[in-house]
Amino acid sequence: MKKRDQRQRRLQMVLREYQTALIAVGILDTQLRRNPSALADYELRPKDFLNFQSNLEATYLLRLFAEFESALRSIWAGIGKTTQPKTSDLLDGLAARRTVPTSVLHEAHDVRVYRNSLVHEDATDAAPVAFGNSIRTLLRFLGYMPPDW
């Protein structure tokens, strides 16, 4: 299997885990509606579940972007580059070398900026990017990368 395909598959695995987590949230939500103390044996409260539920998409977006950035850094090294550029410069550099359409590059930057807003306290507010849109964008960007590097 080509390296690009492997990296795209890793992003798709994060998607499948996220989808599984959404199903698990629904099941636990139903259980907690029937029995609000169902988490007590684990020293957890319904509020802990609500926090988990509200942070789920952001958590998986962080995982998704980590896989994406790892792929970009692997490509960068694979084409003989020894520098460690900022992620924004890495996106720009690879987009220029692989003729990634400007719209795809801008959407990838939107995901990066949103990811930064989730991670860094001093980051500027960014427009949220839904998980489904994020994965489509990042997979599309990777689609322009060489099959192997």
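To keep things clear, this report deals only with the structure shown in the data block. Predicted model only: the values in this text are computed from it and were never measured.

Some points on helix 2 (residues 46-78)
Owing to its 3.6 residues per turn, the α-helix aligns residues three or four sequence positions apart on the same side.
Phase 1: Look at helix 2: 47 Å from first C-alpha to last across 33 residues, which is about the 48 Å you get at 1.5 Å a residue.
Phase 2: Of all the bends found along helix 2, the most pronounced is centred on N55 and spans about 50°.
Phase 3: Phi turns positive one or two residues past the end of helix 2, at G80, with a value near 90°.

Focus: the packing of aromatic side chains
Phase 1: Under the counting rule described, the total for this entry stands at five aromatic pairs.
Phase 2: When the centroid spacing of 4.3 Å and the interplanar angle of 35° are considered together, the rings of Y18 and F131 count as tilted. Of the two residues, Y18 sits in helix 1 (residues 3-34) while F131 sits in helix 5 (residues 131-143), which places them 113 residues apart along the sequence.
Phase 3: Judged by centre distance (6.5 Å) and plane angle (45°), the rings of F49 and F52 are tilted. Taken together, the positions of F49 and F52, both in helix 2 and three residues apart, correspond to about one turn of that helix.
Phase 4: F49 gets classed as buried once you look at its relative accessible area, which sits at 4%.
Phase 5: These aromatic residues form a ring-pair network of at least three members: Y18, Y60 and F131.
Phase 6: Directly above the ring of W76 sits K81, whose terminal nitrogen or CZ lies 5.9 Å from the centroid.

Remarks on the packing of helix 1 against helix 5
Phase 1: Close contact between helix 1 and helix 5 brings their axes to 10 Å; oriented N to C, the two are set at 175°. It follows from the interaxial angle that helix 1 and helix 5 lie roughly antiparallel. Each of R4, R7, Q8, L11, Q12, V14, L15 and Y18 in helix 1 lies in contact with helix 5, whose residues at this interface are F131, I135, L138, L139, L142 and G143.
Phase 2: Among the residues making up the contact of helix 1 with helix 5, the classes are represented as nine nonpolar, three polar and two charged.

A few points about helix 1
Phase 1: Taking 1.5 Å per residue, 32 residues should reach 46 Å; helix 1 reaches 47 Å between its end C-alpha atoms and fits that length.
Phase 2: For helix 1, every residue scored as buried is listed here: R4, R7, Q8, L11, V14, Y18, A21, V25, D29 and L32.
Phase 3: On the buried face of helix 1, the contacting elements are helix 2 and helix 5.

Calculation notes
- Residues numbered from 1 in each chain as written.
- Predicted model: local features only at pLDDT ≥ 70, side-chain atom pairs only at ≥ 80, totals over all residues.
- Heavy atoms only, no water.
- Helix = DSSP H or I, 4+ residues; strand = E, 2+ residues; numbered from the N terminus.
- Expected span 1.5 Å × (residues − 1).
- Bend = angle between axes of the 7 residues up to and from the residue.
- Phe/Tyr/Trp six-rings, centres within 6.5 Å; stacked < 30°, edge-to-face > 60°.
- Buried < 20%, exposed > 50% of the residue type's maximum accessible area, 1.4 Å probe, protein only.
- Lys NZ or Arg CZ within 6 Å of the ring centre and 35° of its normal.
- Axes fitted to C-alpha atoms, helices over the stretch in contact; angles between N-to-C directions.
- Parallel < 35°, antiparallel > 145°, perpendicular 65-115°, else oblique.
- Contact = heavy atoms within 4.5 Å.
- Nonpolar A, V, L, I, M, F, W, Y, C, P; charged D, E, K, R; others polar.

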